[in-house]
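Now for the letters of each chain:
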Amino acid sequence: MSIKDTLAAAKEAHDKDKEQKLREKYMQMAIKEAQKAAAIREVPIGCVIVREGKVIAKGYNRRNTDKSVLKHAEIDAIRDACKKVKDWRLEDCTLYVTLEPCPMCAGAIVQARIPTVVIGSMNPKAGCAGSVINLLDMAGFNHQCEVIRGVLGEETSSLLTNFFKDLRVEKAAQKEAEKADAAAEENEESKE
């Protein structure tokens, strides 16, 4: 290998490392959005949209809070990004999301012409960026996205795992409390 080839390889490795650090920076921002969802007892999914090195929109899951199936992190972020750029096309943007998009969100991403989607964790039950189906890269559509998977995957996955674990513990405690209340009521009624 010549010195020129060695230098070129070193530069390429440096550029890839820099690109990965940038992806992680934006995914950390998406994680902060997901934590906002968790704070209001929503499934912790967060999203940011970046254009020309700046975050132009953010979103987090609010389905239960707003009582709307449409209140997904990606949908809110896409809506806000479109308002910001004053166009429905987000052709020069990158979307970062903590969990692989569902069919609705994947469809919105394709419709918005977002060229690159960066995903933290995959969703084997409902993911439409490769797990169940890949709507982001279907040849029959007029737009396909580059998909980068697994950025801060352990962190985004543990955020979801811990949320659902805590939820199960909470539900079990609530069930026990309800049983205790019912037993106490029954005991009171038998005394009367």
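Everything below is about the structure printed above this text.
The rules behind each value
Residues numbered from 1 in each chain as written. Predicted model: local features only at pLDDT ≥ 70, side-chain atom pairs only at ≥ 80, totals over all residues. Heavy atoms only, no water. Helix = DSSP H or I, 4+ residues; strand = E, 2+ residues; numbered from the N terminus. Rg over C-alpha atoms; globule rule 2.2 N^0.38 Å. Buried < 20%, exposed > 50% of the residue type's maximum accessible area, 1.4 Å probe, protein only. Contact = heavy atoms within 4.5 Å. Areas by Shrake-Rupley, 256 points an atom, 1.4 Å probe, with all protein chains shown as cover. Lys, Arg positive; Asp, Glu negative; His and termini not counted. Charge placed at Lys NZ, Arg CZ, Asp CG, Glu CD. Patch = residues over 30% accessible without salt bridge, like charges linked within 9 Å, V, L, I, M, F, W, Y side chains within 5 Å. Salt bridge = Lys/Arg side-chain N within 4 Å of Asp/Glu carboxyl O. Core = buried A, V, L, I, M, F, W, Y, C linked by side-chain atoms within 4.5 Å.

Novice: So what exactly am I meant to see when it comes to the overall build of the chain here?
Specialist: When its secondary structure is counted, the chain shows 5 helices and 5 strands. In the chain, the succession of α and β elements from N to C terminus is α-β-β-α-α-β-α-β-β-α. For a compact globule of 192 residues, the expected C-alpha radius of gyration is about 16 Å, and the chain comes in at 22 Å, more than 25% above that figure. In terms of overall dimensions, the chain has a C-alpha envelope of 95 × 40 × 30 Å along the principal axes. Scored against the burial criterion, the 192 residues of the chain give a buried share of 39%. The contacts of the chain with a sequence gap of at least 6 include a subset with a gap of at least 24, amounting to 56%. Accessible surface, the chain: about 11700 Å² in total, of which carbon and sulfur atoms supply 53%. Across the chain, the 31 positively charged side chains and the 31 negatively charged ones have centroids separated by 6 Å.

Novice: When you look at a negative patch on the surface in this model, what are you seeing that I'm missing?
Specialist: Taken together, the side chains of E178, D181, E185, E186, E188 and E189 make up a negatively charged region of the molecular surface. Under the relative-accessibility criterion, E186 is labelled exposed at 59%.

Novice: Quick question: what am I supposed to make of the nonpolar core here?
Specialist: In globular proteins that are soluble, nonpolar side chains generally tend to be buried together. I49, I78, L90, L95, I109 and L136 are the most contacted members of the largest nonpolar core, which has 33 residues in total. Breaking this core down by element, the ones donating at least two residues are β1 (46–51), β2 (54–60), α3 (73–85), β3 (93–99), α4 (103–111), β4 (116–121) and α5 (153–191). Each residue touching L90, except ones within four places of it in the same chain, is listed here: I49, I78, A81, C82, V85, A112, R113, I114 and P115. Formed by 13 residues, the second largest nonpolar core is a distinct cluster that contains A30, I31, Y96 and V151.

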